[in-house]
Amino acid sequence: MNLFLITFAALFSVLNPIGTVPIFLGLTQDDTKEMRNRTAFWAAVNVFIILLISFLIGEYVLKFFGISIDVLRIAGGIVICTSGFGLLSGSFGKKRGVSKKVTNDAQKRSDIAVTPLAIPLMAGPGAMSLLIAMYQDYPEIADKSIIATAILGAAISIYLILKSANYISRLLGASGIVAISRIIGFLVLAIGVQYIINSLLVIFRINE
């Protein structure tokens, strides 16, 4: 249960579905409720597939390119810190690579569940690197199953939050969403710093 909660909390912080609510509403403002719900569903499904694939085969991709897991943790920590700082400073969209051109293009397409909602908005490099590192840290099949379940739980939470985007927006208001994004940003920043510190400690210990 602890592993599930730790994985779910870390993923939820990095994915930040609440911070995605304003962008989701903006991209689906002309859609019917049914179309909006369908987009939320497929965005969650796409996030689940992307993260599960990253979790299961990411380690083998690293071996192919000769990248060590500790280097990945440092790179992932930097990306996570960048995302956290983007949330704290209010530049989340830019930090996740969603330019105005991409947003305008997405508004003209009927299906935005893959891009930009699933990737890069939620299932970005921070979440991918986090899961690849966890695959290495938890070699037991039972632990991997728990992590996969946590990924599914995170995807379900994404669907429920995006499906309730209108209600959440009215309930929290713009200032409430910003405040929650700042809090999540601080937690994401802390996760990234912890990843970098842990990796540096391992590297220094090996080189002693």
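Per chain, residue numbering runs from 1 following the sequence as it is written. With pLDDT at 70 or above as the cut-off, local features in this predicted model cover only qualifying residues; side-chain atom pairs require 80 or more to be listed or tallied, and sums for whole chains, interfaces and linings still use all residues. Only hydrogens and water are set aside when side-chain values are computed; all heavy atoms of the structure are taken into account.

We now examine the pattern of salt bridges. Should their charged atoms come close, side chains of opposite charge can pair. Put simply, a salt bridge is a Lys or Arg side-chain nitrogen that is within 4 Å of an Asp or Glu carboxyl oxygen. Within the structure shown, the criterion is met by 1 salt bridge. Measuring nitrogen to oxygen at the nearest pair gives 3.7 Å for the salt bridge that ties Lys63 to Glu59. On the criterion of helical spacing, the pair formed by Lys63 and Glu59 is a turn pair, its members being 4 residues apart in helix H3 (residues 33-65). The buried label applies to any residue whose accessible area, calculated with a 1.4 Å probe on protein chains only, is under 20% of its type's maximum; exposed applies above 50%, and partly exposed to all values in between. Judged by its relative accessible area of 14%, Glu59 falls in the buried class. Under the DSSP-based scheme used, a helix requires at least four consecutive residues in state H or I and a strand at least two consecutive residues in state E, with every element numbered from the N terminus.

Let us now look at the environment of Ile161. Within the secondary structure, Ile161 sits in helix H9 (residues 141-163). When its relative accessible area of 13% is taken as the criterion, Ile161 is described as buried. For the pair formed by Ile161 and Ala40, sequence separation is 121 residues and the distance between their alpha carbons is 8.5 Å. Contact criterion: two residues are considered in contact whenever any of their non-hydrogen atoms come within 4.5 Å of each other. Residue contacts for Ile161: discarding those within four places in its chain leaves Phe12, Pro17, Ile18, Val21 and Ile168.

Next up on the list: the nonpolar core. Leu11, Leu15, Val47 and Leu51 are the most contacted members of the largest nonpolar core, which totals 46 residues. When residues of this core are traced back to their parent elements, those giving at least two are helix H1 (2-15), helix H2 (17-27), H3, helix H4 (69-89), helix H7 (113-122), helix H8 (125-137), H9 and helix H10 (165-207). Note on terminology: a nonpolar core comprises buried Ala, Val, Leu, Ile, Met, Phe, Trp, Tyr and Cys residues joined through side-chain atoms within 4.5 Å.

Looking now at the UniProt feature "transmembrane region" (unreviewed entry) in the chain. According to UniProt, the "transmembrane region" (unreviewed entry) feature falls on residues 6-27, 39-62, 74-92, 113-135, 141-162 and 183-206. Regarding residues 113-135, the helix share stands at 91% and the strand share at 0%, and the terminal C-alpha atoms are separated by 26 Å. UniProt positions are given in the numbering used here, feature names are shortened, and annotations may be inferred rather than shown by experiment.

We now examine the environment of Ile184. By secondary structure assignment, the location of Ile184 is in helix H10. Here Ile184 falls in the buried class, since its relative accessible area comes to 8%. Counting along the chain gives 168 residues from Ile184 to Asn16, while the straight-line C-alpha distance between them is 7.3 Å.

Turning our attention to the side chain of Ser157. Within the secondary structure, Ser157 sits in helix H9. Within polar-contact distance, the side chain of Ser157 engages the backbone oxygen of Ala154 at 2.6 Å. In contact with Ser157, other than residues within four places in its own chain, are Phe8 and Phe12. In protein, a polar contact means a hydrogen-donor-capable atom and an acceptor-capable atom, both N or O and within 3.5 Å, with residues adjacent in sequence counting only if both atoms are side-chain atoms; elsewhere, any N or O pair within 3.5 Å suffices.

Right, let's get into a nonpolar patch on the surface. Surface patches are drawn from residues lacking salt bridges whose relative accessible area is over 30%; two like charges belong together within 9 Å, two nonpolar side chains (Val, Leu, Ile, Met, Phe, Trp, Tyr) within 5 Å. In this description, accessible areas are obtained by the Shrake-Rupley approach with a 1.4 Å probe, and a residue is regarded as covered only by the protein chains that are shown. Where nonpolar side chains cluster on the molecular surface, the patch consists of Ile49, Ile53, Leu56, Ile57, Tyr60, Val61, Phe64, Phe65, Ile67 and Val71 and spans about 980 Å² of accessible area. Top element by residues in the nonpolar patch is H3. It accounts for 8 residues. Among the structural elements, Phe64 can be located in helix H3.

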